[in-house]
Amino acid sequence: MFINTSFDTAKQAIVRIFTCKGTVVGTGFLVCENYIVTCAHVIAQALGIKQDVKTRPNEDILLDFPFINPEIQLTANVVLWRPVPSAGEASVAGKEDIAILKLNNSPPANLKPVKLFVETNLRGDEFLTFGFPVNHDDGLEAGGKLGGKQAAGWVQIEGGEVGTRLERGFSGAPIWDEKLKGIVGMAVAADDSRKEAKIGFMIPVEEIVRVFQEENNCLNHLLILHKSNIWGVVPRTYRTTILLLTSLSIVLFTIGYIPHLEKIISQVLGVPTIKQKCNESYSGNPKDAQAIGVATVYSNKTISDGIAEASLIQELDRSNINNLVLCRIETAIPDNQEAKKIAKILEKQFSTVVIVWINKGATSFIGGVEVSAKEKDAGSVDLPSGKIADWTSDFETEDLPSLVTILTKLAISKSYYFQGNIQQAKEVLVMDNNIARELAKNPKNRESIANAYFFKGFLFNNFLQEGCQTLDDCNKAVKSYTEAFNLSGEKLYVALLNLGKTYERLNKFTAAKLAYTKIIDAPLAANDLIIDSLKNRVLIFIKESNYQAAKADFQKLIERDSIEGHLWRAEVYTQHLHQYDVAIEDLKYVISQDNNILYYHFLGLVQLRANKPEVRHTYRKIKCFTQDLANVSTIQYIMEDLQKLSEREPNMTDRINTVLNDLQSQSTSENIPCE
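Summary of the structure given here. Note that the coordinates shown come from a computational prediction; the quantities given were computed from them, not determined experimentally.

1. A closer look at the overall build of the protein
Across its full length, the protein carries 23 helices and 20 strands. Expressed as a percentage of contacts within the protein between residues at least 6 apart in sequence, the contacts between residues at least 24 apart total 67%. Accessible surface for the protein amounts to roughly 29,800 Å². Of this, 48% is attributable to carbon and sulfur atoms.

Shown next, in the form of structure tokens:
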């Protein structure tokens, strides 16, 4: 495949358009072997007709390729015509002004077509272009920065401080994005009312693609162009989901062999191909390989499906997942149960298997990411689902390939985590915050993206080792939990809870209290999260000697969960305040509500510390539980716990030995009832 990689080579695809008298009127550019894109108003000027004429012109258009051979003039005809709307005409999507020409002659040999990017987030990117303004038939180069999109679809562009402004003669010129190294649009108009501002406009590639999709004849041409192995549409983050939804299903990886789509993916779009079938032997080290198999059910194959598939392959390929093996699944996957079965089979070849499956039926869209590792099932991650009509209306914000890539990284990261490889789990879960935030603008995506950031925070916080171990890890955990909460639409309160704990780890107690307070005051927060937040905030108040605030939180705890509130107050008063009488009363209340053997042990421990004589009565009561064989192991645990306490605090050894002897005796003395 021959596609340019710099603006200097891209300029070879530029054409200069003439009137029949030889006057240069504008620019265009080659997008495939025989097809040229330009503005409709440029063609109108070349033919001397009104720019809003609705009938497609039939006359020959004169043009040449000035950077290849300016001595040879060629002709072309208009095959697609989207003129400028007439004055007073109702608004037309994208303002149109697009013409597609087909050459009547073969283009110059070895000519490299431009590379087109479908991209909606271009603000701030630097651009270059080349056109033929008045008195400059050999052309001038212009540059500047790309701005935001207008309501009708055009994108504002602003010229730089040095160089010419966009003006008549630049219309139809390709806009080269220096960051993407490809064409992102076509120059269409300049703001002549403020020439000093150097403001112009371009038609983005997505509008050109939209026009192609809406014209049946042009769809046929597109299929031919893709088979010609030259035209390249290579999306970067590809948010135009409407292209994914124009057929009855969405193609990710082809289940069976579809010849014309195979050509589009492997040769035209310039993305990695998926040659290996998932059931074929893998030649590398299976211990290192992470396999990703993607299956999709689809029926009506269109060029949109090919673009969608290519975009996903490209996203996965550049995702920097080490030892990634992309392979094809040849059977349809209707649900995650079938995905789980296939994943288990493929575990024989790969250390981790990720199955991405998408099934788009007549009325709904469902799918998920299933991950499985040897001796460990890492579970499923559901893709957002919904009615097709809902998805179609979201085409400006949806980015399925980026979403699937993030969830795939999440799945593999979880697999590493379950295998005990925390460092690799951290390394694989790298996400572009800007892309993630853009995805989260769609409410259906929020939960998926927020969960990915939550797990990232969990990895850096490392609760298995009682919290983050380094300042860097703690700060990364804070950022991840913050992103998770914000991207969820401030609904993932468990992220906020963990954020508070991490702030405590960093000794940022004011920030921690703010996080806990936000949960406590949230009407929609789960009760268990509010209880945990109250517990944590109580401890901070105790550290700050703010006993009144702590007392108020204890009361809130008791109101929400009587037993849990009294237990927590007993623990805090024992461990932190050493006010044993209050703790003893709390525990007696708990036992009156729930006659649990471990609550008696808790009471006994407090009585031991307070040197209360009734401790023997408490442990003799525990002895009564031996009448139920199910409690024998629990009593053994209690005795071991007492022995460890004796070793830690020798000053309590005599008291502990007394209750141990009571527990080991063969009878329950002092007429203690065991009912």
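That shown, we press on.
2. A few points about the pattern of salt bridges
Summed over the entire model, instances satisfying the criterion amount to 18 salt bridges. Close ionic contact of lysine 11 with glutamate 141 constitutes a salt bridge, the shortest N to O distance being 3.3 Å. In this pair, lysine 11 is assigned in the loop between helix H1 (7-10) and strand S1 (14-18) and glutamate 141 in strand S9 (residues 140-149), connecting sequence segments 130 residues apart. Relative accessible area serves as the criterion here: at 10%, lysine 11 is assigned to the buried category.

3. Describing the packing of helix H14 (residues 493-505) against helix H15 (residues 509-520)
Where H14 contacts H15, the two axes come as close as 8 Å, and the packing angle between them is 160°. Taken together, the axes of H14 and H15 lie roughly antiparallel to each other. H15 is crossed by H14, and the crossing has left-handed handedness. When H14 is examined against H15, the residues Tyr493, Leu496, Leu497, Gly500, Lys501, Tyr503 and Glu504 are found in contact with a partner set consisting of Phe509, Ala511, Ala512, Ala515, Tyr516, Lys518 and Ile519.

4. Topic: unusual backbone geometry
Peptide bonds are trans in most cases, and residues, glycine excluded, mostly fall at negative phi. Located in the positive-phi region is serine 545, a residue other than glycine, with phi close to 60°. Within the fold, serine 545 resides in the loop between helix H16 (527-543) and helix H17 (547-560). Phi at asparagine 611 is positive, roughly 55°, even though this residue is not glycine. Within the fold, asparagine 611 resides in the loop between helix H20 (597-610) and helix H21 (615-624).

5. Some remarks on the packing of helix H13 (residues 471-487) against H14
Between H13 and H14, the least distance of the axes is 9 Å, while the angle of their chain directions is 155°. With respect to H14, the axis of H13 lies roughly antiparallel. The handedness of the crossing between H13 and H14 comes out as left-handed. Counting all contacts with H13, which are made through Cys474, Ala477, Val478, Tyr481, Thr482, Ala484 and Phe485, the residues of H14 involved are Tyr493, Ala495, Leu496, Asn498, Leu499, Thr502, Tyr503 and Arg505. The residue makeup of the contact of H13 with H14, split by class, is 11 nonpolar, 3 polar and 1 charged.

6. Focus on the pairing of strand S10 (residues 155-159)
For S9 and S10, the ladder comprises 4 bridges, and the chain directions are antiparallel. The residue of S10 that forms the bridge with lysine 149 is valine 155. The pairing of S10 with strand S13 (residues 199-204) spans 4 bridges and is classified as antiparallel. Bridged to glutamate 158 within S13 is isoleucine 199.

7. Describing the nonpolar core
Membership of the largest hydrophobic core comes to 97 residues, with the highest contact counts inside it found for Ile449, Tyr493, Ile519, Tyr619, Ile622 and Leu642. Formed by 52 residues, the second largest nonpolar core is a distinct cluster that contains Leu63, Ile98, Leu103 and Val209.

8. Brief notes about the sheet that holds strand S6 (residues 98-103)
Read around the barrel, 6 strands follow the order S1-S2-S3-S6-S5-S4 and close on themselves; strand pairing throughout is antiparallel. On average, each strand axis in the sheet is inclined to that of its neighbour by 40°, with strand direction left out of account. The sheet contact formed by S1 and strand S2 (residues 24-30) spans 5 bridges and is antiparallel. The partner of isoleucine 14 across the bridge, within S2, is phenylalanine 29.

9. Examining the side chain of arginine 16
Position of arginine 16 among the secondary structure elements: in strand S1. Within the local environment of arginine 16, its side chain forms a polar contact with the backbone oxygen of aspartate 137, the two atoms lying 2.6 Å apart. Not counting chain neighbours up to four residues away, the residues in contact with arginine 16 comprise Val24, Gly26, Leu62, Leu63, Asp64, Pro66, Pro70, Phe132, Asp137 and Asp138.

10. Looking at helix H18 (residues 562-577)
Taking 1.5 Å of rise per residue, the 16 residues of H18 would be expected to cover 22 Å, and the 21 Å separating its terminal C-alpha atoms lies within 8% of that figure. Among all positions of H18, only Gly565, His566, Leu567, Trp568, Arg569, Ala570, Val572, Tyr573, Thr574 and Leu577 are buried. Buried residues in H18 make contact with H16, H17, helix H19 (580-593) and H20. Phi for histidine 578, located one or two positions after H18, is positive at around 55°.

11. Some remarks on the environment of glutamate 614
Its place among the elements puts glutamate 614 in the loop between H20 and H21. A C-alpha to C-alpha distance of 8.7 Å links glutamate 614 and glycine 604, two positions 10 residues apart in sequence.

What counts and how
- Residues numbered from 1 in each chain as written.
- Predicted model: local features only at pLDDT ≥ 70, side-chain atom pairs only at ≥ 80, totals over all residues.
- Heavy atoms only, no water.
- Helix = DSSP H or I, 4+ residues; strand = E, 2+ residues; numbered from the N terminus.
- Contact = heavy atoms within 4.5 Å.
- Areas by Shrake-Rupley, 256 points an atom, 1.4 Å probe, with all protein chains shown as cover.
- Salt bridge = Lys/Arg side-chain N within 4 Å of Asp/Glu carboxyl O.
- Buried < 20%, exposed > 50% of the residue type's maximum accessible area, 1.4 Å probe, protein only.
- Axes fitted to C-alpha atoms, helices over the stretch in contact; angles between N-to-C directions.
- Parallel < 35°, antiparallel > 145°, perpendicular 65-115°, else oblique.
- Left-handed = near helix turned anticlockwise from the far one by under 90°.
- Nonpolar A, V, L, I, M, F, W, Y, C, P; charged D, E, K, R; others polar.
- Pairing = 2+ DSSP bridges.
- Core = buried A, V, L, I, M, F, W, Y, C linked by side-chain atoms within 4.5 Å.
- Polar contact = N/O pair within 3.5 Å; in protein donor to acceptor, adjacent residues only side chain to side chain.
- Expected span 1.5 Å × (residues − 1).

By themselves, these observations are geometric and do not establish any function.
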